[in-house]
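One letter stands for each residue in the lines below.
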Amino acid sequence: MKKLGFLLVALVVSMTASAQFEKGKAYLGASLSGIDISSQAKKFHFGLNVKAGYLFMDNLMATAQVGYEHLEDTPDVFTLGVGGRYYIIQNGLYLGASLKYKHADEYNDFLPGVQVGYAFFLSRTVTIEPELYIDFSTKKFENSCFGLGIGVGVYLFKDQYKLKK
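Residues numbered from 1 in each chain as written. Predicted model: local features only at pLDDT ≥ 70, side-chain atom pairs only at ≥ 80, totals over all residues. Heavy atoms only, no water.

Quick look at the overall build of the protein chain now. Counting its regular elements, the protein chain contains 1 helix and 9 strands. Evaluated residue by residue, the protein chain yields a buried proportion of 33% over its 165 residues. Restricting to contacts in the protein chain with at least 6 residues of sequence separation, those with at least 24 account for 47%. In the form shown here, the protein chain has an accessible surface area of approximately 10,400 Å², with 70% of it arising from carbon and sulfur atoms. (Helix = DSSP H or I, 4+ residues; strand = E, 2+ residues; numbered from the N terminus. Buried < 20%, exposed > 50% of the residue type's maximum accessible area, 1.4 Å probe, protein only. Contact = heavy atoms within 4.5 Å. Areas by Shrake-Rupley, 256 points an atom, 1.4 Å probe, with all protein chains shown as cover.)

Pairing of strand β3 (residues 60–71) with strand β4 (residues 77–87), which is carried by 10 bridges, proceeds in the antiparallel orientation. In the strand pairing of β4, glutamate 69 is matched with valine 77. By the bridge criterion, 10 bridges tie β4 to strand β5 (residues 93–104) in an arrangement that is antiparallel. Each bridged residue has a counterpart across the sheet, and for phenylalanine 78 the counterpart in β5 is histidine 103. (Pairing = 2+ DSSP bridges.)

With that settled, consider the packing of aromatic side chains. For any two aromatic rings, the description comes down to two numbers: the centre-to-centre distance and the angle of the planes. Applying the stated criterion across every chain yields a total of 9 aromatic pairs. With 5.0 Å between their ring centres and 55 degrees between their planes, tyrosine 27 and tyrosine 155 make a pair best called tilted. Taken together, the residues tyrosine 27 in strand β1 (residues 25–38) and tyrosine 155 in strand β9 (residues 145–157) connect sequence positions 128 residues apart. Side by side, tyrosine 27 and tyrosine 155 carry an identical accessibility label, which is buried. Joined through ring pairs, the aromatic side chains of Phe21, Tyr27, Tyr87, Tyr94, Phe121 and Tyr155 make up one cluster. Directly above the aromatic system of tyrosine 27 lies the positively charged group of arginine 85, at a separation of 5.0 Å from the ring centroid. The ring of tyrosine 94 has arginine 85 sitting right over it, with the charged end atom 4.0 Å from the ring centre. (Phe/Tyr/Trp six-rings, centres within 6.5 Å; stacked < 30°, edge-to-face > 60°. Lys NZ or Arg CZ within 6 Å of the ring centre and 35° of its normal.)

Put into structure tokens, the structure is as follows:
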């Protein structure tokens with residue numbers, strides 16, 4: 001009985017997410033990071049990223065992001081980036097690739113990265129998005145990092161807010 005209930009819930013979730021990643025939708029998201037692992041031990045780490053995207057094809061989104069990180073005993077870091085997401089299946093699982101530019105006092109670096117995440121829909125447009133990521137430093141491998149980010153996303157479509165006649 002439990003298996004049947006789980007199957008029904010999975011079916012309902014997949015049906016409600018079936019049209020979420022269509023061409024023409026816009027995306028706004030924000031995420032907190034701070035649960036990361038790197039070769040350098042960090043005492044306190046806080047990161048905030050804001051991301052915007054546009055689905056220019058079904059299941060394929062172009063993204064841009066801006067970020068801020070505070071690390072204890074080091075200068076604050078600002079990030080600009082571009083990337084893309086490919087939604088593998090319509091239930092929200094995605095793969096991403098990005099290129100970020102990091103800037104801090106007397107430090108600049110480009111970081112190509114990859115991500116895998118899941119857009120879990122709370123409503124028709126709002127998601128919670130856990131994501132595993134890895135960013136590779138082009139200056140020193142020791143500055144590369146991987147970790148977990150948790151975000152909230154909103155998927156908007158152009159006809160969503162039009163007044164009905």
